[in-house]
Amino acid sequence: MELFVGEGNPHCLKVLAALEVTGVQCGVQFINHEEKVVPFLSRPALPALLLPSRQHLFSPNTICRYLFELNGPESSNQCNQWLEWEATVLQPVLFRALHMAVLQGKGSEEVAKVLQGPLNVLDQSLGKGSTTYLTGEAVSVADVVLWGALHPVLSDSSLALSAHQSVKAWFDRVAAERGCQSAAQKVLQGKGLEAMRSYMQKQPAPQSSQGRDAQPCNSSPAESEEGDRAVSEEEMEAAVLTWGKDLNACSQATEKQHPIMPQEGKRNVLITSALPYVNNVPHLGNIIGCVLSADVFSRYGRLRGWNVLFVCGTDEYGTATENKAREEGLTPKQICDKYHAVHSSIYKWFQIDFDFFGRTTTEKQTEIAQDIFWRLQKNGFLVEDTVEQLRCESCQRFLADRFVEGTCPHCSYPEARGDQCDKCGRLINAVELREPQCKVCRQTPVIRSSKHLFLDLPKLESQLEQWLEKSTSSGDWTANAKQITRSWLRDGLKPRCITRDLLWGTPVPHPDFKEKVFYVWFDAPIGYLSITANYTDQWEKWWKNPHQVELYNFMAKDNVPFHSVVFPCSLLGAQDNYTLVNHLVATEYLNYEDTKFSKSRGIGVFGDMAKDTGIPSDVWRFYLLYVRPEGQDSAFSWADMALKNNSELLNNLGNFINRAGMFVTKFFEGCVPVMELQQEDKKLLAVVGWELQQYIQLMDKVKIRDALKHILNISRHGNQYIQVNEPWKKIKGGESERRRAGTVTGVSVNIACLLSVMLLPYMPAVSQTIRDQLNAPQSCINTMLQGPGTFVCALRAGHRIGAVSPLFQKLEADQIEALKKRFGGQQPEDEPSNKKVQIGASARPAAVPAPAAVAKVQAAVGSDPEKAKQLAKAVAEQGDKVRALKSQKAEKDVIAGEVAKLLDLKKQLALAEGKNPEPAPQKGKKK
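A brief look at the structure comes next.

About the thresholds
Residues numbered from 1 in each chain as written. Predicted model: local features only at pLDDT ≥ 70, side-chain atom pairs only at ≥ 80, totals over all residues. Heavy atoms only, no water. Pairing = 2+ DSSP bridges. Helix = DSSP H or I, 4+ residues; strand = E, 2+ residues; numbered from the N terminus. Contact = heavy atoms within 4.5 Å. Axes fitted to C-alpha atoms, helices over the stretch in contact; angles between N-to-C directions. Buried < 20%, exposed > 50% of the residue type's maximum accessible area, 1.4 Å probe, protein only. Lys, Arg positive; Asp, Glu negative; His and termini not counted. Salt bridge = Lys/Arg side-chain N within 4 Å of Asp/Glu carboxyl O. Polar contact = N/O pair within 3.5 Å; in protein donor to acceptor, adjacent residues only side chain to side chain. Disulfide = S-S within 2.5 Å. Parallel < 35°, antiparallel > 145°, perpendicular 65-115°, else oblique. Left-handed = near helix turned anticlockwise from the far one by under 90°. Nonpolar A, V, L, I, M, F, W, Y, C, P; charged D, E, K, R; others polar.

This next bit is on the sheet that holds strand β1 (residues 2-5). Strands sit in the order β2-β1-β3-β4 across an open sheet of 4 strands; the sheet is mixed. Here the strands that pair on one side only, and so sit at the sheet edges, are β2 (27-30) and β4 (56-57). Pairing between strand β3 (residues 48-50) and β4: 2 bridges, direction antiparallel. Looking across to β4, one finds that Leu 49 is bridged to Leu 57. Across the sheet, helix α1 (residues 10-22) lies against β1 and β2, angled at about 150 degrees from β1, the strand it touches most. The strands touched by helix α2 (residues 60-70) are β1, β3 and β4; relative to β3, the strand with the most contacts, the crossing angle is about 45 degrees.

On to the side chain of Glu 593. For Glu 593, the location among the structural elements is in the loop between β19 (590-592) and α20 (607-610). Within the buried core, Glu 593 has no salt-bridge partner, and the shortest N-O distance to an opposite charge, that of Lys 820, equals 4.2 Å. Among the polar contacts made by the side chain of Glu 593, one reaches the main-chain amide nitrogen of Trp 638 at a distance of 2.9 Å.

As enumerated under the stated definition, the model contains 0 disulfides in all. Cys 290 takes part in no disulfide bond, and the closest cysteine sulfur to it belongs to Cys 312, at a distance of 7.7 Å. Relative accessible area serves as the criterion here: at 13%, Cys 290 is assigned to the buried category.

As a further point, take the packing of helix α3 (residues 77-103) against helix α4 (residues 108-128). Pairs of packed helices are described in terms of their axes, by the angle between the two and the distance that separates them. Following both chains from N to C, one finds α3 and α4 inclined at 160 degrees, their axes separated by 8 Å at the closest point. One element, α3, and the other, α4, form an angle in the roughly antiparallel class. Read as a crossing pair, α3 and α4 show a hand that is left-handed. Residue-level contacts link Trp 82, Trp 85, Leu 90, Val 93, Leu 94, Arg 96, Ala 97, Met 100 and Ala 101 of α3 to Glu 110, Val 111, Val 114, Leu 115, Pro 118, Val 121, Leu 122 and Ser 125 of α4. Residues of the contact of α3 with α4, tallied by class, amount to 14 nonpolar, 1 polar and 2 charged.

Turning our attention to the sheet that holds strand β9 (residues 397-398). One open sheet holds the 4 strands; their spatial order is β9-β8-β13-β14, and the pairing between them is antiparallel. Strands with a single pairing partner mark the edges of an open sheet, and in this sheet they are β9 and β14 (496-497). Bridge analysis of strand β8 (residues 382-392) against β9 gives 2 bridges, and the strand direction is antiparallel. The partner of Cys 392 across the bridge, within β9, is Arg 397.

Time to look at the pattern of salt bridges. In the structure shown here, the tally under the stated rule is 39 salt bridges. For Glu 550, the salt bridge goes to Arg 267, with nearest N and O atoms at 2.7 Å. Taken together, the residues span a long stretch of sequence, with Glu 550 in strand β17 (residues 549-556) and Arg 267 in the loop between α9 (233-243) and β5 (268-273) at a distance of 283 residues. Judged by relative accessible area, which is 22%, Glu 550 ranks as partly exposed. For Arg 302, the salt bridge identified is with Asp 353, shortest N-O distance 3.7 Å. Of this pair, Arg 302 sits in helix α10 (residues 284-303) while Asp 353 sits in the loop between α12 (332-349) and β7 (356-359); the two residues are 51 residues apart in sequence, bridging distant segments of the chain. Residue classification places Arg 302 among the buried positions, given a relative accessible area of 19%. Residue class for Asp 353 comes out partly exposed when judged on its relative accessible area of 26%. Among the charged side chains, a salt-bridge network with shared partners connects Asp 371, Arg 375, Glu 540, Lys 544 and Asp 576.

These figures capture arrangement, not role.
This is the structure we're talking about:
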C-alpha cells in the first residue's frame, strides 16, 4: 500500500495520524497538492491510499476507517455516527473557521465563535459519557478523525477552551497517543496554522449555502449542510414575531375549481410533463424525469398561492404503436386504449395530481396540428424535397424505420433496425441496410423515391435565437437544457422532415400529401395544446397568452431539442401569439443499480410493478426525489433505498414527528401545552425559519432534490433539540422543569406541523396523515409557504391533537434482497451457476457468482497445488476488496455481491487443496 499526502493539508493530518496509531505497514509519499494521484478523478485529491488491488481510496474518513479495520474489528455504529457528524456538521464549520484564521487573519475570539456550536455538541457528549474516549476505553477511528480535524485550531494556545473542559481533556488524551504529535509535525512542519496557507489559498471560499451538483448523486442531502449556524439577535426576534402571527384566515385551502383559467393579478403557471409514449410501460427513470418532478412542482406552486394548471397525456401516434399493434394482434386504436389505461393507473398510484391527463389521438389534435401546418405553409416555412426510402411492393407501402430490418452496414449485425443498430449503436439510414426485409411480410423491399415536406429551420433560426436569448436569461432553464440547445445551434440548423409514410398518425391536409401523416416529433408536442383544448374550450387563454402565462416544461434530457428548438420553431413560424416555454427543466438519466432498465430482460422496476412490492407510493416518491438526477446521472439502488428509508424517514423524520406527538399525548393529555420561549427556543425558531427560506428559494428555482435536504435538516434540528432538553425527564421534576418540558413539547409539535406542509409536494399521503394526527387547521398549508416563508405557531396552547402512530416502517434486509433478486433480471435456468461469469469490474449481486478473475482458475478440481496458489492469491485480493468496500461504507448489496465472490473463491480454493468445502452460513448483523 502507498499513502499519498501533502504538507499543510488538514485532511492529510488525520489519515497520517490513523496510520501511525494503527501501526499498519504502508509507504508514505509527500507530494504537491496539484499532483493527480487518482487517475479517474478530474482534479487532484489528497489524501489518497493506493491498495494492493490497485484501487484507490480518496475520502479521508474512509481511509482512516480502512486502516483501523485492517487488523481490527469493524467500526461500531456509534463510531460511524461520529464520522458522519464530523463530515457533515463539523467539517463545513471548521473550514469556515480555518478560512477566517489563515486567510483573513481573524482573531481567536471570532474563530471560537464560529466553532462554538459543534464544540458544544462534542463537549456535552463527552461530559455525559462515562468512557475515556468517544466510543469506549480505547482510542477509536472516531477519536483520531475528530482530533486530526480539530488539531490545527485547538492546538493554537490563543483559542480558549475554558468553556469546553471535556473537549480539552479528551483532546489532550488523544494527543498523547503514539504517533499523533508525530503526524502533526510532519503535516504542519511545526508552523501551526501558517503551514496551511498555501493549501487554503487553493480552496474555494466557503459558501453560506452550497448546491449539490458536484456531489455524488446518491449521497446524503445533509452532506453540504454547514452545521450549526450562527444566529443573530435580530434573526431570533424576527422569528419570534413571525411565530406569534395568526394563520391566514383568507388562505383557507379549497378544492380546485375546474376548469382552471388564467386570472388577472395572479401568477399563472402552466406546467407540462413530457408526453409518455403510450405503448411503453414507464419505468422509475421515466417517472422521476417527467411526471413526478412536474407533480411536485405543481403541488408546491399551489401551496405558494400560484394559479397552476398541470396537463399531460399519452403520445399515441407513430411507428412504434403500429408495431406493437401488429405484435399483439390488435388495432392501433385498441393498443392506445389498452396502454392509456395502464399509464393512468400507474400515475394514479404514484399520486400524480394532473389537472387533466389526456391523449393525442383526438379530433382536437388533428384540428390544431393542421392549423399550425397551414400557418407554416402560408408563412413560407415549409419546403418540399424528395427522399429515398424502402418500399415493400407486397404490402404496397413505404416502410418506416421500425418496419424494416437487415444487416448493419457497419458491424454486420443481422437484426439491425431501419434507424439504428442495437449491437454497435450506430445510427442508420434504412436504405443503407444490407439484405433488408419488411418486418410485416418478410419480403425484400426496393428503394423508391418519396416526396416529403420539411420545416425550414434555417429560415427560422434568427427568430429562434432571439427568443432563446430572452427565455434562457430570464427563465429557469437547467444547465443541460441550455447546453444541449447550444450544441444544436452551434453547427447551424437544417430543414427537418415533418411527414411520414404511415397509416397511424395525424393526416397531412395538403392534397399532394394526402396519403401521409405528420412525423411524431412535429405532431407530439402539439399534444400539449390539444390536451388542454380537450380540458377546456378556452384553451387559447393558456396557450396564446404569453404575457400572462408562464410555461414550465418537464422532461428528461433526450427530449430537450424538440422542446427548445423544433417545437418553438413550429410555433414561431405559425405567428399566432403562442405561449412559448419560459422554464425548461430537464433531468439527467436514472439508471437501475449498475445497469439500465430493460423490460425485456426483466431488469428494473416499472411503474406497474412498484405497487406489488408492498412499499407505499410515498416512500417510492421520496426515494426517487432523493436521488433525482438533477445535475448528473444517478442510480436507483435497493440497498440505498432501504438505507434512506430506515435512516432518513424512520430514524430522522418519522422519529421526530412521532416523539413530538407522543409527548403531547402522554404528558399533556393530548393538548398542546403552554410555551414560554427561552433563548434556546428562539434560536431554534430562527434556524428552522432559515431552513424554510432555503427550501422556498430552491423550490422556486425547481431545485427539487436540493430543497428536500432542508426538510430533513429541520427534523434533525428537532431531534437534537428534544435530545438535549429531555422533556421525558423534566416532566417528572419540579414546576419550572415541567413548564420547560411543555415548551419543548409545544415547539416540537409545531415544527412537526410545519414539516407536514413542506412535505406535501413530496409525500402527499404522509403529509395528510401528519396533519390528521395533529388535527392541524387546514389553513396552515397555505400560510407556511407565503412570501419568503412563514413559520407561525399553528397549534396554540390548548389545541387538542388526534391519535398519534408511527409514519414509517423499517425495510428489512431480507425483504430488500428478495426484491433485488426479483427485479435483477433472469439467468437461464439450465445454465450451471459456476459458468455465469460476467467480465467487468463493477460489483454484481450475490446471485451472479464468480468474477472475471475466477474464470482463469475455475477449472481447479481435486488437489492441485499450482491452482491452489493462484486461488489463494485471488482470495487475498478479493478479501482486500471486501475490506475496502466495508471501510468505505459501500452499499450493502455491493458488499454482499463481493462477499459472495469471496466465498465462491474460498470454496474453489478448498477444492484445489483437495478439501471438501462446507461453506459456513453468513450471520446477519443484529439491528
